[in-house]
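Report on the structure
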Amino acid sequence: MSYSTPLAPLPLRWLISDARNDAVLEDALRRLPRGSGFIYRHYHLDDPDRYARFRRLRRIAHGRDHIVILADSALTAAEWGADGIYGSARSLCPRRSGLLHLATAHNFAEIGLANQMGADAVLLSPVFATRSHIDGAVLGRTRFRMLARHSRAPVIALGGMDARKAGVMQWRRWAAIDGLSSQFP
């Protein structure tokens, strides 16, 4: 699958890889609803191991019609056969045709930058406390919605998200590390 503009609807569920969910990723990818999204980070691996792990997970993900996004440069994403890239809005430029561009944002300024850079979607976080940032500041439901209204691109809720919280928030598009690694909607 390749993108110049999104050819299919942006997935509602996004599984994000991390060192702590690595052992369950194959099963998680197989159990996600068909056509979900997968963001591969795996910053903890050196380049050869990271690439080998990416190839294995991409094969499983594409077998389930999942979109596979790489947290890296557009050049690397194209070389590795990813469907898009993920990172700060600044890291998404220059735009590369054929790739979906997912920007991270945590505040109004970063939403504005994602708008300016033409992101295809924005992962807005952290909505709730997370295991990786237990004592960190969170947006909460009200601030999340206020910031999301300013995005020109679809917003994906991230940070402490799971199916129950997404339902309470009434937000259909969300991403998780733990919330999609151990349970499935």
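Residues numbered from 1 in each chain as written. Predicted model: local features only at pLDDT ≥ 70, side-chain atom pairs only at ≥ 80, totals over all residues. Heavy atoms only, no water.

Side chains on a regular strand alternate between the two faces of the sheet. A two-sided burial pattern is seen for strand S6 (residues 121–124), the buried positions comprising Ala121 and Leu123 on one face and Val122 and Leu124 on the other. In terms of strand pairing, strand S5 (residues 100–105) meets S6 through four bridges, oriented parallel. Note on S6: the bridge partner recorded for alanine 105 is leucine 124. The parallel pair S5 and S6 is bridged by helix H4 (residues 108–117), and the resulting crossover is right-handed. (Buried < 20%, exposed > 50% of the residue type's maximum accessible area, 1.4 Å probe, protein only. Helix = DSSP H or I, 4+ residues; strand = E, 2+ residues; numbered from the N terminus. Pairing = 2+ DSSP bridges. Right-handed = clockwise from strand over helix to strand, strands pointing away.)

Moving on to unusual backbone geometry. Negative phi characterises most residues that are not glycine, and trans characterises most peptide bonds. Geometrically, the link from serine 125 to proline 126 is a cis peptide bond, its omega value of -10 degrees lying close to zero. Mapping proline 126 onto the fold places it in the loop between S6 and helix H5 (140–148). Its identity is not glycine, yet histidine 42 carries a phi of approximately 45 degrees, on the positive side. As for its position among the elements, histidine 42 is in the loop between strand S2 (37–40) and helix H2 (47–63). For histidine 42, a relative accessible area of 1% puts it in the buried group. Phi is positive for glutamine 170, which is not a glycine, with a value near 55 degrees.

What follows concerns H4. Every buried residue of H4 is accounted for by Ile111, Leu113, Ala114 and Asn115. Among the structural elements, S5, S6 and H5 are those in contact with the buried residues of H4. Its side-chain oxygen 3.1 Å from the backbone nitrogen of alanine 109, asparagine 107 forms the N-cap of H4. Glycine 118 sits one or two residues past H4 and shows a positive phi near 75 degrees. (Contact = heavy atoms within 4.5 Å. Polar contact = N/O pair within 3.5 Å; in protein donor to acceptor, adjacent residues only side chain to side chain.)

Next up on the list: the confidence of the model for the protein chain. Mean pLDDT over the protein chain works out to 91, with 92% of the residues at or above the 70 mark. Every residue in residues 1–7 is under pLDDT 50, and counting partners more than four places away or in other chains gives 16 contacts. (pLDDT = per-residue confidence, 0-100.)

Any aromatic ring pair is given by two values, namely how distant the centres are and how the planes are angled relative to each other. What the rule picks out here adds up to five aromatic pairs. Pairing tyrosine 40 with phenylalanine 54 gives two aromatic rings, centres 5.3 Å apart and planes at 65 degrees, and the pair type is edge-to-face. Taken together, the positions of tyrosine 40 in strand S2 and phenylalanine 54 in helix H2 put the pair 14 residues apart, joining distant regions of the chain. The class for tyrosine 40 is buried, based on a relative accessible area of 0%. Considering the side-chain rings of phenylalanine 144 and tryptophan 171, the 4.8 Å spacing of their centres and the 85 degrees angle between planes classify their relative orientation as edge-to-face. Of this pair, phenylalanine 144 sits in helix H5 while tryptophan 171 sits in the loop between helix H6 (163–169) and strand S8 (174–176), and the two are 27 residues apart along the sequence. By the ring-pair criterion, three or more aromatic residues cluster together here, those being Phe38, Tyr40, Tyr51, Phe54 and Trp80. (Phe/Tyr/Trp six-rings, centres within 6.5 Å; stacked < 30°, edge-to-face > 60°.)

Bringing H2 into the picture now. Helix length check: H2 (17 residues) gives 24 Å between terminal C-alpha atoms against 24 Å at 1.5 Å per residue, within 8%. Taken together, the buried residues of H2 touch helix H1 (25–31), S2, strand S3 (67–70) and helix H3 (74–80). A distance of 3.1 Å separates the backbone nitrogen of aspartate 49 from a side-chain oxygen at the start of H2, and that oxygen is part of aspartate 46. Just beyond H2, the residue with positive phi is aspartate 65, at close to 65 degrees. (Expected span 1.5 Å × (residues − 1).)

Ranked by internal contacts, the top residues of the largest apolar core, which has 44 residues, are Leu15, Leu29, Phe38, Leu124 and Phe144. The greatest single-element share of this core, amounting to four residues, is contributed by H2. Residues within four places of leucine 15 in sequence aside, it is in contact with Asn21, Leu25, Ala28, Leu29, Leu32, Gly37, Phe38, Ile39, Ala176, Ile177, Leu180 and Ser181. If you look at the next biggest cluster of nonpolar residues, it comprises 16 residues, including Ile67, Leu123, Ala175 and Ile177. (Core = buried A, V, L, I, M, F, W, Y, C linked by side-chain atoms within 4.5 Å.)

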